[in-house]
Amino acid sequence: MPQESYLVGLIGSGIGPSLSPALHHREADRQGLRYLYRLLDLDTLGLPPEAVGDLVRAARDLGFDGLNITHPCKQLVLGHLDALAPQAEALGAVNTVVFDGGRAVGHNTDVTGFAASFARGLPDAPLERVVQLGAGGAGAAVAHALLTLGAERITVVDALSERAAALAASLTRHFGDGRATAGTPDRLPGLLARADGVVHATPTGMAAHPGLPFPAALLRPELWVAEVVYRPLETELLRTARAAGCATLDGGGMAVFQAVDAFRLFTGREPDSAAMLADIAELAGAVTTAP
């Protein structure tokens, strides 16, 4: 008899506003499943990020089927798992853990989530030269996704030059020479003038970090603009880019498709991605900009 009841959770810091529980619960309701998605917030529990291993072991002992992992634990959790899926191993970060016969197996659905969202929302976007702002966890996943989709060259720009250099070096090892380089913020005018598109993967534009990540004057109609932030779905960058005539992609698709992939890993069932895209539009309080 197929499993009808699931217990999953999310480990991270400051995760109270996360839309993951609602996305998973709504899809489980559509499929007639009993599904409990618990938040294991480090801040609420008074635990340091290094406690992620203890939480993973406790969840396994308590009979959880799986966990999502978010900031600041996506890399810290690596040493507490029994195996890694190839994507997670290549990226050096895990956002989904599946408990399989007592083993904890790490996956990364951020990569596949962004790839699916980009292919759906900007299917004809040129990918010869891409500029990416942000070299953190989300940035690493997005860069891997873009290079997997066929981007010829990505320039990673981060306020921390050593972080941009480290990500570019990692991408080069994985995808080959010439596919990724590091840049500094002062080079953005020249980089964006020659780019096909720009991906924004920093917190700028979130409710707590309003504003634009670079001057609006650097936008031009030929430039496509993709956003990772999904709360709000319409960031100031997307609003400004659309006004400049740019094709745009909001962060809602990545949030949904990484949840789609995680739900599939947890349950073995195929989620309704179209319904989940409608869910996030309603939950985040705006209409997605992808077609």
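Cut-offs applied
- Residues numbered from 1 in each chain as written.
- Predicted model: local features only at pLDDT ≥ 70, side-chain atom pairs only at ≥ 80, totals over all residues.
- Heavy atoms only, no water.
- Helix = DSSP H or I, 4+ residues; strand = E, 2+ residues; numbered from the N terminus.
- Rg over C-alpha atoms; globule rule 2.2 N^0.38 Å.
- Buried < 20%, exposed > 50% of the residue type's maximum accessible area, 1.4 Å probe, protein only.
- Contact = heavy atoms within 4.5 Å.
- Pairing = 2+ DSSP bridges.
- Axes fitted to C-alpha atoms, helices over the stretch in contact; angles between N-to-C directions.
- Salt bridge = Lys/Arg side-chain N within 4 Å of Asp/Glu carboxyl O.
- Arc of directions from axis to C-beta.
- Expected span 1.5 Å × (residues − 1).

Trainee: Would you mind going over the overall build of the protein with me for this structure?
Mentor: Of regular secondary structure, the protein possesses 11 helices and 12 strands. For 291 residues, the compact-globule estimate of 2.2 N^0.38 gives 19 Å, and the C-alpha radius of gyration of the protein, at 19 Å, lies within 12% of that figure. In terms of principal-axis extent, the alpha carbons of the protein reach across some 55 × 35 × 35 Å. Within the span of the protein, comprising 291 residues, buried residues form 51% of the whole. Contacts in the protein between residues at least 24 apart in sequence constitute 69% of all its contacts with a sequence separation of at least 6.

Trainee: I would appreciate a short explanation of the sheet that holds strand 9 (residues 180–183) in the present structure.
Mentor: What holds strands together in a sheet is hydrogen bonding between their backbones, with the strands either parallel or antiparallel. The sheet built from 6 strands is open, its strands ordered 9-8-7-10-11-12 with parallel pairing. Two strands in the sheet have a free side with no partner beyond their single neighbour: strand 9 and strand 12 (248–249). Examined bridge by bridge, strand 7 (residues 129–133) and strand 10 (residues 197–200) share 4 bridges and lie parallel to one another. Bridge pairing in strand 10 places V131 opposite V198. This element, helix 6 (residues 137–149), spans strand 7, strand 8 (153–157) and strand 10 of the sheet and lies at about 170 degrees to strand 7. Most of the contacts of helix 7 (residues 161–175) go to strand 9, to which it runs at about 175 degrees, and overall it touches strand 7, strand 8 and strand 9.

Trainee: So what exactly am I meant to see when it comes to the environment of G251 here?
Mentor: Of note, G251 is situated in the loop between strand 12 and helix 10 (252–267). The sequence separation of G251 and V228 amounts to 23 residues, and the corresponding C-alpha distance is 4.2 Å. In this structure G251 touches E227, V228, V229, Y230 and L233, once residues within four positions along its chain are discounted.

Trainee: Where do I start with the pattern of salt bridges in this structure?
Mentor: Two side chains that carry opposite charge are able to pair once their charged atoms sit near each other. Tallied over the entire structure, the rule returns 14 salt bridges. A salt bridge links E4 to R269; its shortest N-O distance comes to 3.6 Å. With E4 in the segment before strand 1 (5–12) and R269 in the loop between helix 10 and helix 11 (273–283), the pair connects residues that are 265 residues apart, well separated along the chain. R30 is paired through a salt bridge with D279; the nearest N and O atoms lie 2.8 Å apart. Here R30 is found in helix 1 (residues 20–30), whereas its partner D279 is found in helix 11, with 249 residues between them in sequence. The class of R30 is partly exposed, set by a relative accessible area of 39%. Because the salt bridges share partners, they merge into one network encompassing R26, E27, R30, D279 and E282.

Trainee: Any chance you could explain the sheet that holds strand 3 (residues 66–69) here in plain terms?
Mentor: Strand order across the open sheet formed by 6 strands is 2-1-3-5-6-4, with mixed pairing between neighbours. The sheet terminates laterally at strand 2 (34–41) and strand 4 (83–84), the two strands that pair on one side only. Of the strand pairs in this sheet, strand 1 and strand 2 are connected by 8 bridges, and their pairing is parallel. Residue pairing in the sheet places V8 in a bridge with Y37 of strand 2.

Trainee: For this particular structure, what's the right way to read helix 3 (residues 52–61)?
Mentor: The complete set of buried residues in helix 3 reads V52, G53, L55, V56 and A59. Taken end-on, helix 3 shows its buried residues confined to a sector of 165 degrees, consistent with a single buried face. Of the surrounding elements, those touching the buried residues of helix 3 are strand 1, helix 2 (42–45), strand 3 and strand 5 (96–100).

Trainee: It is not clear to me how helix 6 should be interpreted in this structure. Could you clarify?
Mentor: Every α-helical turn comprises 3.6 residues, leaving residues that sit three or four positions apart pointing alike. Counted at 1.5 Å a residue, the expected span for helix 6 with its 13 residues is 18 Å, and the 19 Å between its end C-alpha atoms agrees. Once helix 6 ends, the next one or two residues include G150, with phi positive near 115 degrees.

Trainee: Would you mind showing me how to read the environment of S273 here?
Mentor: Considering the arrangement of structural elements, one finds S273 in helix 11. Residue S273 is classed as partly exposed on the basis of its relative accessible area of 25%. Once the C-alpha coordinates of S273 and A259 are considered, the two residues, 14 residues apart in sequence, prove to be 9.2 Å apart. Contact partners of S273, with chain neighbours within four places excluded, come to V256, F257 and V260.

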